[in-house]
Amino acid sequence: MFNIDEYFARIGFVHRESEDRTQQFIRLHRCHSLAVPFEDFNPFCGLAVSLDIQDIFEKVVRDRRGGYCFELNRLFQELLHALGYQSRPVLCRPFSGEGERLPLTHRLSIVPLDGQLWVADVGLGGNGWVEPLLLKPGLEQIQFGRTYRIREDSESGYVVELKREDVFVEAVAFGLHYAEESDFEMSNYYTSSYPGSPFVTRMMCTLPAFEGRYTIRDNLFKIEQGGRTSETLLKAGTVQNVLETYFGVVLTADMNAYICDYLERA
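Parameters at a glance
- Residues numbered from 1 in each chain as written.
- Predicted model: local features only at pLDDT ≥ 70, side-chain atom pairs only at ≥ 80, totals over all residues.
- Heavy atoms only, no water.
- Pairing = 2+ DSSP bridges.
- Helix = DSSP H or I, 4+ residues; strand = E, 2+ residues; numbered from the N terminus.
- Core = buried A, V, L, I, M, F, W, Y, C linked by side-chain atoms within 4.5 Å.
- Buried < 20%, exposed > 50% of the residue type's maximum accessible area, 1.4 Å probe, protein only.
- Contact = heavy atoms within 4.5 Å.
- Disulfide = S-S within 2.5 Å.
- Salt bridge = Lys/Arg side-chain N within 4 Å of Asp/Glu carboxyl O.

Trainee: Can you walk me through the sheet that holds strand β10 (residues 204-209) in this structure?
Mentor: To summarise the sheet geometry, strands pair through backbone hydrogen bonds and adopt either a parallel or an antiparallel arrangement. Here we have five strands laid out as an open sheet, ordered β1-β10-β11-β12-β13, and antiparallel in their pairing. On the outer flanks of this sheet lie β1 (38-39) and β13 (228-233), each paired with one strand and no other. As paired strands, strand β11 (residues 212-217) and strand β12 (residues 220-225) are joined by six bridges and run antiparallel to one another. Across the sheet, the residue bridging to Arg213 is Glu224, located in β12.

Trainee: What is the right way to look at the nonpolar core in this model?
Mentor: As a rule of thumb, nonpolar side chains are buried together in soluble globular proteins. With 26 residues, the main nonpolar core has Tyr7, Phe25, Leu28, Leu75 and Phe76 as its most contacted residues. When residues of this core are traced back to their parent elements, those giving at least two are α1 (4-11), α2 (21-35), α4 (53-62), α5 (69-82), β3 (106-113) and β4 (116-120). Beyond its immediate sequence surroundings of up to four residues, Leu28 is in contact with Phe8, Ile11, Phe13, Phe76, Leu79, Leu80, Leu83 and Tyr85. Of all hydrophobic cores here, the second largest spans 23 residues; its members include Met203, Phe221, Met255 and Leu263.

Trainee: Just checking my understanding: could you explain the pairing of strand β9 (residues 167-174) for this structure?
Mentor: Consecutive residues of a regular strand have side chains that alternate between opposite faces of the sheet. Here strand β2 (residues 88-94) runs beside β9; their pairing, made up of two bridges, is antiparallel. Counterpart to Pro94 in the pairing with β9 is Val172. Pairing of strand β8 (residues 157-164) with β9, which is carried by seven bridges, proceeds in the antiparallel orientation. Across the sheet, the residue bridging to Val160 is Val172, located in β9. Joining the antiparallel neighbours β8 and β9 is a turn of two residues, in which Glu165 adopts a positive phi near 50 degrees.

Trainee: Whenever I open this one, the state of the cysteines confuses me. Can you help?
Mentor: Throughout the structure, instances matching the rule amount to zero disulfides. Take Cys31: it sits in no disulfide, and the sulfur closest to it among the cysteines is that of Cys205, at 19 Å. Classification of Cys31 as buried rests on a relative accessible area of 13%. Its sulfur unpaired, Cys45 is 10 Å from the next cysteine sulfur, which belongs to Cys260.

Trainee: I'm lost on the pattern of salt bridges in this one. Help?
Mentor: When the charged atoms of two side chains with opposite charge come close together, those side chains can pair. Counting across every chain of the model gives 17 salt bridges. Between Glu58 and Arg62 there is a salt bridge whose closest N-O contact spans 2.5 Å. On the criterion of helical spacing, the pair formed by Glu58 and Arg62 is a turn pair, its members being four residues apart in helix α4. Its relative accessible area of 29% is what places Glu58 among the partly exposed residues. The partner of Asp261 in a salt bridge is Arg265, with the nearest N and O atoms 3.0 Å apart. Taken together, the positions of Asp261 and Arg265, both in helix α9 (residues 253-265) and four residues apart, correspond to about one turn of that helix. Looking at Asp261, the relative accessible area reads 38%, which means it is partly exposed. Among the charged side chains, a salt-bridge network with shared partners connects Arg101, Arg149, Arg151, Asp153, Glu155, Glu161 and Glu170.

This is the structure we're talking about:
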């Protein structure tokens, strides 16, 4: 059963009487982003990805796992609703690293607060923002060493851009149209089971920190901290310790065996 107190404990959130609703929302988003990693270990290991809210709660909150957008943003939206916030789930189009518009395979939420709209997304992965973005085209929003902005887009409505080396690159395109849970079920089936899906073919895990980010991509482990980046190759004998130490993730014995076998062949 969905339990707010357990959720708060999982993300390290402590209620503050002095906060207004907007401040609380921003901190909820930040706490979740910094505590719950984006990861695709289930589809990578050939396991199903359930979008049932109780299954997601068990996996992320009680088993202290992470997940990807369809899981994490569904869970975060459930928390917002339980706390009396309104939110609208939308189906979005992410961009590849080369700027290609990908299929509609991403979920985020539009949250109205005090006459303004916010873009909530705790499941975008490496390009993701730690705090929600104000839906104000052209405004550069700086957080945790990164700069984001939203521009209007004739095809999708809006595009979130991330500044990299003084150039803004596209992260995700979205509109304001409400999406049904059945829409996400269809997209999730593709991302979690299609043989060519990057979530099936590549191992990914990333978690932002106050001064950087930790990232696993296949057999490469990257630490970004204080403006410096270090990279090491993951080995079968070290991957479990890396997952637990940097991401707080403990996988089942079968999943660990699958990943270790993959790393030995990489």
